[in-house]
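For reference, the chains in residue letters:
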Amino acid sequence: MNESIFQPFCLAKMKIVSISMPLLTIFIIQIVLLPISHCRADLIDQTCKQTPNYNLCVSSLKPNPRSSAANVKGLATIMVEVLTSKANDTLNEIWAQLLRQEDPAVRNCYDHYGYMVAAFIPEIYGDLTSRGFGGRFVRYNPAQAERRLHDDIIRRVDHCRHGFGKGRRSPFAKEIKATREAAVVAAAIVRILI
Ligand SMILES: *[C@@H]1O[C@H](CO)[C@@H](O)[C@H](O)[C@H]1NC(C)=O
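This is a predicted model, so every value here is computed, not measured. (Residues numbered from 1 in each chain as written. Predicted model: local features only at pLDDT ≥ 70, side-chain atom pairs only at ≥ 80, totals over all residues. Heavy atoms only, no water.)

A few words now on the pattern of salt bridges. Under the criterion given, the structure shown has 10 salt bridges. Two residues, Arg-168 and Asp-103, come together in a salt bridge whose shortest N-O distance is 2.7 Å. Placement of the pair is Arg-168 in the loop between α7 (142-162) and α8 (173-192) and Asp-103 in the loop between α5 (72-100) and α6 (104-127), with a sequence separation of 65 residues. Lys-177 is the partner of Glu-181 in a salt bridge, and the nearest nitrogen-oxygen pair spans 3.1 Å. A residue pair is termed a helical-turn pair when its members lie 3 or 4 positions apart in one helix, as Glu-181 and Lys-177 do in helix α8 at four residues. According to the relative accessible area criterion, Glu-181 is partly exposed, its value standing at 28%. Linked by salt bridges that have partners in common, Glu-123, Asp-127 and Arg-148 make up one network. (Salt bridge = Lys/Arg side-chain N within 4 Å of Asp/Glu carboxyl O. Helix = DSSP H or I, 4+ residues; strand = E, 2+ residues; numbered from the N terminus. Buried < 20%, exposed > 50% of the residue type's maximum accessible area, 1.4 Å probe, protein only.)

Turning our eyes to something else, we now look at the side chain of Ser-60. With respect to the helices and strands, the residue Ser-60 is situated in helix α4 (residues 54-61). Within the structure, Ser-60 has its side chain in polar contact with the backbone oxygen of Leu-56 (distance 2.6 Å). With residues near it in sequence (within four places) discarded, Ser-60 still touches Ile-78, Met-79 and Val-82. (Polar contact = N/O pair within 3.5 Å; in protein donor to acceptor, adjacent residues only side chain to side chain. Contact = heavy atoms within 4.5 Å.)

Given below as structure tokens:
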């Protein structure tokens with residue numbers, strides 16, 4: 001999808017331009033004067049408005065220095081990085097828990113999060129780029145990235161959580177929630193690219 005549709009303000013100017021030369025001059029001056037960051041800040045805002053968790057989206061993207069120059073694809077990649085970090089935090093927490101006490105539900109979570117961090121999330125990065133990856137060539141495929149976020153991440157996060165059954169709160173519920181929320185936002189941003 002063309003990123004420019006998220007910059008209606010910038011695009012509107014481009015339409016006026018085709019009318020006449022004086023207007024073209026004004027347009028060029030405006031382009032020079034208009035801080036690029038204005039459109040870019042708008043892009044984060046416009047993108048995050050299309051996710052179910054605006055606040056998490058903005059607070060995840062804004063602190064990253066790359067986000068100010070990123071297009072929607074770049075923003076999606078940054079959000080997947082945030083997801084990686086949350087999933088890894090969860091995995092570390094699960095591991096610490098397992099060291100204290102062996103438990104089938106915790107072990108189940110360890111397996112799910114282990115696969116996510118080691119295999120599934122790297123594949124999502126692959127879907128968002130077109131490059132050599134793990135000895136093979138992968139093609140840009142945002143639809144597949146979205147599918148993986150749902151099937152390989154969100155579904156496994158829920159699987160882990162449900163493993164504790166009713167009435168038993170998982171010992172790392174906070175980390176699980178953070179991972180799930182990051183995955184939902186990442187999936188919504190990736191969806192814009194389809
Ligand atoms: C996950 O956390 C461990 C322990 O802090 C760290 O060594 C590892 O590099 C992290 N992995 C990723 C993918 O962030």
